[in-house]
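# Results of the structural survey
Spelled out from the first residue to the last, the chains are:
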Amino acid sequence: MPGEGADEFDLRGFLPYLLNMAAEESSARFQQYYKGRYGMLRTEWRVLFHLGRYGAMTAKEICDRARMHKTKVSRAVAALQAKRFLTRSPREDDRRHETLALTSQGRHAYADLAAQAQQFDRALMADFSAEEARLLRQALVRIAKL
């Protein structure tokens, strides 16, 4: 019968729901900075982050590392190129693919955003003890299979 057991299930205690809500809340707050300062969307920030952190790579490599769909990465790459944050170069070994790399402007934006992300992270964890923060990070890494 529909609704049976509904009193036993509370969505607010369902781990996937809690993880999603926590991710959305924290991401939306940090997005205020990168969107306000650089006009970036979340996917653009993630592509910029991967290029800044790991160096030049293909869009496919970003898709694999970031677990993002190729259409979203493609749109983010086009937007970052329009903002002059990255360049595309045909690969010598396979002309069907391009190597993406940050420009000096892109590296500057990455350095700024990485520093802001570290400050944001510290503020986000400020209400947790060192042990709580360590356990939370450890559990999230395990769940995300990183």
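Before going into details, it helps to say that this report is about the structure given with it. (Residues numbered from 1 in each chain as written. Predicted model: local features only at pLDDT ≥ 70, side-chain atom pairs only at ≥ 80, totals over all residues. Heavy atoms only, no water.)

## Some points on the overall build of the chain
What counts here: Counting from the N terminus, the helices are the DSSP runs of H or I reaching at least four residues and the strands are the DSSP runs of E reaching at least two. Our radius of gyration looks at C-alpha atoms and nothing else; its globule reference is 2.2 Å times the residue count to the power 0.38.
The helix and strand tally for the chain stands at six helices and two strands. For the chain, the α and β elements follow one another from N to C terminus as α-α-α-α-β-β-α-α. Taken against the 2.2 N^0.38 rule, which gives 15 Å for 146 residues, the C-alpha radius of gyration of the chain at 19 Å runs more than 25% over that of a compact globule. The principal-axis extent of the C-alpha atoms belonging to the chain is close to 60 × 40 × 25 Å.

## Re a nonpolar patch on the surface
Heads up, the condition is: Residues qualify for a patch when their relative accessible area is over 30% and they have no salt bridge, like charges being joined within 9 Å and the nonpolar side chains of Val, Leu, Ile, Met, Phe, Trp and Tyr within 5 Å. Accessible surface area values rest on a Shrake-Rupley calculation with a 1.4 Å probe, where residue burial reflects the displayed protein chains alone. A side-chain nitrogen of Lys or Arg and a carboxyl oxygen of Asp or Glu constitute a salt bridge if their distance falls within 4 Å.
On the surface, Leu-15, Leu-18, Phe-128, Leu-136, Leu-140 and Ile-143 cluster together to form a nonpolar patch covering roughly 490 Å² of accessible area. Residue contributions to the nonpolar patch peak at three residues, all from helix 6 (residues 130-144). As for its placement among the helices and strands, Leu-18 is situated in helix 1 (residues 15-38).

## Thoughts on the side chain of His-50
Just so we agree on the cut-off: Only protein chains enter the accessibility calculation, which uses a 1.4 Å probe; a residue whose area is less than 20% of its type maximum is buried, one above 50% is exposed, and one in between is partly exposed. Whether two residues are in contact is decided by their heavy atoms, any of which lying within 4.5 Å being enough.
Tracing the backbone shows His-50 in helix 2 (residues 42-54). Relative accessible area serves as the criterion here: at 9%, His-50 is assigned to the buried category. If we skip the residues at most four places from it in the chain, His-50 touches Gly-55, Met-57, Ile-62, Arg-65 and Ala-66.

## Here's the deal with the packing of aromatic side chains
The description of an aromatic ring pair uses the distance of the two centres, along with the angle that the planes make with each other. What counts, and what does not: Working definition: a ring pair exists when centres of Phe, Tyr or Trp rings (six-membered ring for Trp) sit within 6.5 Å. Plane angles under 30 degrees give stacked, over 60 give edge-to-face, the rest tilted. A ring has a charge above it when a Lys NZ or an Arg CZ is no more than 6 Å from the ring centre and no more than 35 degrees off the ring normal.
Throughout the structure, instances matching the rule amount to nine aromatic pairs. Each member of the aromatic cluster is reached from another via a ring pair, and the members are Phe-30, Tyr-34, Trp-45, Phe-49, Tyr-54, Tyr-110 and Phe-120. It is Arg-65 that lies over the ring of Tyr-54; its NZ or CZ is 4.0 Å from the centre.

## A word on unusual backbone geometry
Note on backbone geometry: most residues besides glycine have negative phi, and most peptide bonds are trans. In this structure, Arg-67 is a non-glycine residue whose phi angle is positive, near 55°. Relative to the helices and strands, Arg-67 is located in the loop between helix 3 (59-66) and helix 4 (70-82). We classify Arg-67 as exposed; its relative accessible area is 55%. Phi angles above zero are rare outside glycine, and Arg-84 is one such case at about 65°. With respect to the element layout, Arg-84 can be found in the loop between helix 4 and strand 1 (86-90).

## Some remarks on the nonpolar core
Convention followed: Buried Ala, Val, Leu, Ile, Met, Phe, Trp, Tyr and Cys residues that are joined via side-chain atoms within 4.5 Å together make up what is termed a nonpolar core.
Grouped together as the largest cluster of nonpolar side chains are 24 residues, with contacts concentrated most on Met-40, Val-47, Leu-48, Leu-51 and Ile-62. Not counting residues within four places of it along the chain, the set of residues in contact with Val-47 comprises Ile-62, Met-68, Val-73, Ala-76, Val-77 and Leu-80.

## Some remarks on the side chain of Ser-26
Going by this rule: Within 3.5 Å is the distance limit for a polar contact, defined as a pair of N or O atoms, with the added protein rule that one can donate a hydrogen and the other accept it, and that residues adjacent in sequence qualify only through two side-chain atoms.
With respect to the helices, strands and loops of the structure, Ser-26 is situated in helix 1. A polar side-chain atom of Ser-26 sits 2.9 Å from the main-chain carbonyl oxygen of Ala-22. A polar contact is formed between the side chain of Ser-26 and the backbone oxygen of Ala-23, at a distance of 3.3 Å. Once you skip the residues sitting within four places of it in the chain, Ser-26 turns out to touch Phe-120 and Leu-124.

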